[in-house]
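Inside the fold
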Amino acid sequence: MSPLLKLDHLRKSFGERCLLDLDGLKIEVGHAYAVTGDNGAGKTTLLRILAGIEPGEIAGFEFRGLPLTHGRVPEHARHDIVYVHQHPYLFHTSVAHNIGYGLAARGIDAAARGPLVEEAIAWAGVDHLRGVAPAKLSGGEKQRVALARARVLKPHLFLLDEPTANLDGEARGQAIALIRQLVGDNGSLLIACHDRELIELPGMRRFHLAGGKLVET
Ligand SMILES: Nc1ncnc2c1ncn2[C@@H]1O[C@H](COP(=O)(O)OP(=O)(O)OP(=O)(O)O)[C@@H](O)[C@H]1O
Ligand SMILES: [Mg+2]
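These lines cover the structure that appears in this document, whether it is placed above or below. Predicted model, so just to flag it, every value in this text is computed and none were measured.

**Concerning the overall build of the protein**
A tally of helices and strands in the protein yields 7 helices and 10 strands. Whereas a compact globule of 217 residues would reach a radius of gyration of roughly 17 Å, the protein reaches 17 Å, a difference of no more than 12%. Taken along its principal axes, the extent of the C-alpha atoms in the protein is 45 × 40 × 35 Å. Burial analysis of the protein (217 residues in total) assigns 48% to the buried set. Considering only contacts within the protein whose residues lie at least 6 apart along the sequence, 65% involve residues at least 24 apart.

**Looking at the packing of aromatic side chains**
Centre distance and the angle of the planes are the two values used to describe a pair of aromatic rings. For the coordinates displayed, the defined rule picks out 3 aromatic pairs. Among the aromatic residues, ring-to-ring pairing joins Tyr89, Phe91 and Tyr101 into one connected group.

**Considering the sheet that holds strand β4 (residues 57-63)**
Here 4 strands make up an open sheet; going across it, the order is β2-β1-β4-β5 and the pairing antiparallel. What marks the edges here is a single partner per strand, and that holds for β2 (17-27) and β5 (66-67). One ladder, built from 2 bridges, connects β4 with β5; its direction is antiparallel. The partner of glutamate 62 across the bridge, within β5, is proline 67. Contacts between helix α1 (residues 43-50) and the sheet are confined to β1 (5-14), β2 and β4, with β1 contributing the most and set at about 125 degrees to the helix.

**Details of the pairing of strand β9 (residues 204-210)**
Where strand β3 (residues 32-36) and β9 come together, 5 bridges link them in parallel fashion. Along β9, the bridge assignment pairs alanine 32 with methionine 204. Bridge count between β9 and strand β10 (residues 213-216): 4 bridges; the pairing is antiparallel. The residue bridging leucine 209 from the neighbouring strand is leucine 214, located in β10. Between β9 and the antiparallel strand that follows it, β10, lie 2 residues; glycine 211 among them carries a positive phi value of about 55 degrees.

**Considering helix α3 (residues 95-105)**
Every buried residue of α3 is accounted for by Val95, Asn98, Ile99, Gly100, Gly102 and Leu103. The secondary structure elements touched by the buried residues of α3 are α4 (110-124) and α5 (139-151).

Criteria and cut-off values
Residues numbered from 1 in each chain as written. Chains lettered and ligands numbered in written order. Predicted model: local features only at pLDDT ≥ 70, side-chain atom pairs only at ≥ 80, totals over all residues. Heavy atoms only, no water. Helix = DSSP H or I, 4+ residues; strand = E, 2+ residues; numbered from the N terminus. Rg over C-alpha atoms; globule rule 2.2 N^0.38 Å. Buried < 20%, exposed > 50% of the residue type's maximum accessible area, 1.4 Å probe, protein only. Contact = heavy atoms within 4.5 Å. Phe/Tyr/Trp six-rings, centres within 6.5 Å; stacked < 30°, edge-to-face > 60°. Pairing = 2+ DSSP bridges. Axes fitted to C-alpha atoms, helices over the stretch in contact; angles between N-to-C directions.

Structure representation (structure tokens):
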């Protein structure tokens, strides 16, 4: 089977400083990958480039067999690749609105969105938070809403940026349980993280980013 995503040589510089100088990256369908690396190694930047929200010098790119256009991650891929920020931004509306937002942006009408949002709310275990203003949610609750908001779009690739970095105790366990399900459901995921429990999830493949290079470990 051809890979989900195939990247040939990626360079990213900020001013004089070359941050990323990757020879390549291949992501297979239905596999999960953890990317470790020191603070400042460039994990977030790599995820943002793959999500199409940060430019990079990319020599070759294929996503689901289709090539790169105009040196950027193409529009069709940007629909299929969802990036979840370490500190998810939620609109000051409601949990349900936030989860349904991406569907609405894709032109799915309210009647069709309803059951999808309900299912996502149940999946993330946030039903009891419907009436809570999103700004008042805890870090763990926001992360769960963000994971639901990503999953409801049924992306071909999830890019999760340190999804448990600011969580501990029960909140961390709940986020890991959701990610474990995404992995177990044969999702394709690239997860920047330092969390040993995530790195050691069954089936997880591992990359390490250092000195601008990505090495499978
Ligand atoms: N827009 C920018 N302009 C200049 N430098 C930047 C910019 N964005 C990121 N950097 C620098 O690039 C480096 C890599 O940042 P990045 O956030 O990708 O690292 P990271 O591996 O995700 O780190 P962390 O583990 O702390 O999240 C940092 O030194 C950062 O300061
Ligand atoms: Mg980061």
